[in-house]
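# Examination of the molecular architecture
Given next are the chains, with one letter for each unit.
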Amino acid sequence: MAILNAVVDISHHNGTKIDFAKAKADGIIGVIHKASQGQSGRDPMYQANRAKATAAGLLWGAYHFATGSDGIKQAVNFLDRVGATEHTLLVLDFEPNLTGPSMSLGEARAFVTHVHDVTGRWPGFYSGHYIKQLLGTKKDPILANCWFWLAQYGPTPVVPPAWPTWTMWQYTDGAIGPEPHSVKGIGLCDRDKFNGSEVQLRKLWGV
């Protein structure tokens, strides 16, 4: 199967001077941007970067950084920030929250179920050691509806048993992990591989 190294995930931490046209020329097809955090947090660069990325002809996605609080209220904040969801890839970022409580499995189930109920689509589920720690060898019948985005900065992807394989793999944070670490027009950043062809990538996006 083909594997595409053609997706980046970014946030306001990547600065205000991203050149999405250069990123596209460097082989990037899709951008997944932080939209929200917790019940009320919003990424200040989301709307501006969305306009610039789509104008450059890039696929657009949005992720929510999970915190330890009501999952439905977090999903409402996320969808409100995203706005129009057509052709926007939706993702829950499920990892330890270093500044407060971390989202529980129950809160994650509530989040993804609400997104599905509102949009008719299950969001992607981004996680690494945190979900492996919580689930162990168990499968989760609700979270398993989501396509899996693995966070692991090593040479070989290791997928938790709840999913048959990875759909995306964040293999570097721009410093740790295999090369390449940077993208023209962005610089050092989170880079992601897609487990399939460009046609399949666009299908995942709903394009």
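Residues numbered from 1 in each chain as written. Predicted model: local features only at pLDDT ≥ 70, side-chain atom pairs only at ≥ 80, totals over all residues. Heavy atoms only, no water.

In the nomenclature of an unreviewed UniProt entry, the protein chain is known as Glycoside hydrolase family 25 protein of Sphingomonas hylomeconis. In UniProt, the protein chain has this text filed under Sequence similarities (unreviewed entry): "Belongs to the glycosyl hydrolase 25 family." (UniProt positions renumbered as here; feature names shortened; annotations may be inferred.)

Per the secondary structure count, the protein chain includes 6 helices and 11 strands. Overall, the protein chain is about 40 × 35 × 35 Å in size when its C-alpha atoms are taken along their principal axes. Across the 207 residues of the protein chain, 49% fall into the buried class. By sequence separation, contacts in the protein chain at least 24 residues apart represent 63% of the contacts at least 6 residues apart. In the structure as shown, the protein chain presents an accessible area of about 9100 Å², 56% of it carried by carbon and sulfur atoms. Positive and negative side-chain charges in the protein chain, numbering 19 and 17 respectively, have mean positions lying 3 Å apart. (Helix = DSSP H or I, 4+ residues; strand = E, 2+ residues; numbered from the N terminus. Buried < 20%, exposed > 50% of the residue type's maximum accessible area, 1.4 Å probe, protein only. Contact = heavy atoms within 4.5 Å. Areas by Shrake-Rupley, 256 points an atom, 1.4 Å probe, with all protein chains shown as cover. Lys, Arg positive; Asp, Glu negative; His and termini not counted. Charge placed at Lys NZ, Arg CZ, Asp CG, Glu CD.)

Here we take up the pattern of salt bridges. Tallied over the full model, the rule gives 3 salt bridges. The partner of Arg 42 in a salt bridge is Asp 80, and the shortest N-O contact between them spans 2.7 Å. Highlighted residues: Arg 42 in strand S3 (residues 41-42) and Asp 80 in helix H3 (residues 71-82), separated in sequence by 38 residues. Here Asp 80 falls in the exposed class, since its relative accessible area comes to 53%. Between Arg 109 and Asp 140 there is a salt bridge, with the nearest N and O atoms lying 2.7 Å from each other. (Salt bridge = Lys/Arg side-chain N within 4 Å of Asp/Glu carboxyl O.)

On to H3, then. Along its 12 residues, H3 runs 16 Å from first to last C-alpha, staying within 8% of the 16 Å computed at 1.5 Å per residue. For H3, the side-chain oxygen to backbone nitrogen distance between the N-cap and Ile 72 is 3.0 Å, and the N-cap itself is Asp 70. Of the residues flanking the end of H3, it is Gly 83, one or two places downstream, whose phi is positive at about 75°. (Expected span 1.5 Å × (residues − 1). Polar contact = N/O pair within 3.5 Å; in protein donor to acceptor, adjacent residues only side chain to side chain.)

Glancing now at the pairing of strand S1 (residues 4-10). Of all 7 residues in S1, 5 are buried, a share of seventy percent or more. As paired elements, S1 and strand S11 (residues 190-194) share 4 bridges and run antiparallel to each other. Across the sheet, the residue bridging to Asp 9 is Asp 190, located in S11. Of the strand pairs in this sheet, S1 and strand S2 (residues 30-37) are connected by 4 bridges, and their pairing is parallel. Looking at the pairing, Ile 10 lines up with His 33 of S2. (Pairing = 2+ DSSP bridges.)

Turning our attention to helix H2 (residues 46-55). All of the buried residues in H2 are Tyr 46, Asn 49, Arg 50 and Ala 53. Looking straight down H2, one finds that the buried residues subtend no more than 105° of arc, so they occupy a single side. In the core, the buried residues of H2 are packed alongside S1, helix H1 (20-25), S2, strand S4 (59-65), H3 and strand S5 (88-93). Positive backbone phi, approximately 85°, marks Gly 57, located one or two places after H2. (Arc of directions from axis to C-beta.)

Moving on, we get to the packing of aromatic side chains. Scanning the model with the defined rule gives 9 aromatic pairs in all. For the ring pair Phe 125 and Trp 163, a centre distance of 5.5 Å and an interplane angle of 20° mean the geometry is stacked. Highlighted residues: Phe 125 in strand S6 (residues 124-127) and Trp 163 in the loop between strand S7 (148-151) and strand S8 (168-172), separated in sequence by 38 residues. In this structure Phe 125 comes out as buried when scored by relative accessible area, which is 0%. Seen from their ring centres, Trp 169 and Tyr 171 are 6.4 Å apart, and the 70° between their planes marks the pair as edge-to-face. Tyr 171 matches Trp 169 in its accessibility class, with the two residues each being buried. Grouped by ring-pair contacts, the aromatic residues Phe 94, Phe 125, Tyr 130, Phe 148 and Trp 163 constitute a single cluster. Across the ring face of Tyr 171, the terminal group of Lys 193 is positioned such that the distance to the ring centre comes to 5.0 Å. (Phe/Tyr/Trp six-rings, centres within 6.5 Å; stacked < 30°, edge-to-face > 60°. Lys NZ or Arg CZ within 6 Å of the ring centre and 35° of its normal.)

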